[in-house]
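These are the residues of each chain, in order.
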Amino acid sequence: MGSAKFQNNLMSLQANLLNFAYMLTSNRDDAYDLLQDTTLKALDNEDKYAENTNFKGWVFTIMRNIFINNYRRAGRAATIIDTTDNLYHLNLSQDSGLESPEGSYTAAEITEAIEDLAKEYSVPFKMHVQGYKYNEIADKMNLPLGTIKSRIFFARKKLQARFADYR
């Protein structure tokens, strides 16, 4: 394909490419950046395009691959790698988001709240917190699986309601 014909074909696809880029990124500015990257990559690799193949498919594949590579690169950039001796940064306590220790619950408060629940709710909830699976709790309590799931759900809701004022 001649260079002029290649460029004309590429320019005729710009509107379709922009729509596809917007679908991928969901952001107008990112879509324009992706369109520009795709156009440059296609122009740089004009010699790799094989005659009598689907030009539109070739260009859309370039765009999709650029998007995927950028997405993966962003994911890797967000990963924190601790290279300090003894993994110092990983062992630092994390910010809880609470402004003061008074804003958090003590283990005693949480335990008291669980104990205040009716026994039919507290027993399966405590077992679930201890790591038992729903079916194991159902077997031990000789109750249907659905009953256990609903009791744990309602226990969780009651606890959330009790501690709602701390949010």
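Now for a look at the structure at hand. What you see is a predicted model, and the numbers here were worked out from it, not measured in a lab. (Residues numbered from 1 in each chain as written. Predicted model: local features only at pLDDT ≥ 70, side-chain atom pairs only at ≥ 80, totals over all residues. Heavy atoms only, no water.)

1. A closer look at the overall build of the protein chain
Helices and strands together make up the secondary structure of the protein chain, namely 8 helices and 0 strands. Secondary structure elements of the protein chain occur, N-terminal to C-terminal, as α-α-α-α-α-α-α-α. Looking at the protein chain as a whole, 24% of its 167 residues are labelled buried. Taking the intrachain contacts of the protein chain between residues at least 6 apart in sequence as the baseline, contacts between residues at least 24 apart amount to 60%. For the protein chain, the exposed area adds up to about 12,200 Å²; of that, 52% sits on carbon and sulfur atoms. (Helix = DSSP H or I, 4+ residues; strand = E, 2+ residues; numbered from the N terminus. Buried < 20%, exposed > 50% of the residue type's maximum accessible area, 1.4 Å probe, protein only. Contact = heavy atoms within 4.5 Å. Areas by Shrake-Rupley, 256 points an atom, 1.4 Å probe, with all protein chains shown as cover.)

2. Examining the side chain of Arg-151
Within the secondary structure, Arg-151 is located in helix H8 (residues 145–162). One buried charged side chain, Arg-151, makes no salt bridge at all; its nearest oppositely charged neighbour is Glu-120, positioned 4.3 Å away. Residue contacts for Arg-151: discarding those within four places in its chain leaves Glu-120, Tyr-121, Pro-124 and Leu-143. (Lys, Arg positive; Asp, Glu negative; His and termini not counted. Salt bridge = Lys/Arg side-chain N within 4 Å of Asp/Glu carboxyl O.)

3. Here's the deal with helix H3 (residues 28–44)
Here H3 contains 17 residues, and its C-alpha end-to-end distance of 24 Å stays within 8% of the 24 Å for a straight helix at 1.5 Å per residue. Buried within H3 we find Ala-31, Leu-34, Leu-35, Thr-38, Thr-39 and Ala-42. With its buried residues spanning 135° around the axis, H3 presents them on a single face. Exposed residues on H3 whose side chains face more than 90 degrees from its buried face are Asp-29 and Asp-44. Where H3 is buried, its residues contact helix H1 (3–12), helix H2 (14–25) and helix H4 (55–77). (Expected span 1.5 Å × (residues − 1). Arc of directions from axis to C-beta.)

4. With respect to the pattern of salt bridges
Taken as a whole and assessed by the stated rule, the structure comprises 3 salt bridges. One salt bridge connects Glu-115 with Lys-126, and the closest N-O pair in it is separated by 3.0 Å. One end of the pair, Glu-115, is in helix H5 (residues 107–116); the other, Lys-126, is in helix H6 (residues 119–129), with 11 residues separating them in the sequence. By relative accessible area, which is 47% here, Glu-115 ends up partly exposed. Note that Arg-162 and Asp-116 form a salt bridge whose closest N and O atoms lie 3.0 Å from each other. One end of the pair, Arg-162, is in helix H8; the other, Asp-116, is in helix H5, and 46 residues separate them in sequence.

5. Things to note about a negative patch on the surface
A contiguous patch of negative charge on the surface is contributed by Asp-29, Asp-30, Asp-33 and Asp-37. Within the element layout of this structure, Asp-37 appears in helix H3. (Patch = residues over 30% accessible without salt bridge, like charges linked within 9 Å, V, L, I, M, F, W, Y side chains within 5 Å. Charge placed at Lys NZ, Arg CZ, Asp CG, Glu CD.)

6. A look at the packing of aromatic side chains
Inspection of every chain in the model, using the stated rule, returns 9 aromatic pairs. Ring centres 5.2 Å apart and planes at 80° place the aromatic pair Phe-6 and Phe-55 in the edge-to-face group. Here Phe-55 lies in helix H4 and Phe-6 lies in helix H1, a separation of 49 residues in the sequence. Across the pair, exposure class does not vary: Phe-6 and Phe-55 are buried alike. Counting every residue linked through ring pairs, the aromatic cluster contains Phe-6, Tyr-49, Phe-55 and Trp-58. (Phe/Tyr/Trp six-rings, centres within 6.5 Å; stacked < 30°, edge-to-face > 60°.)

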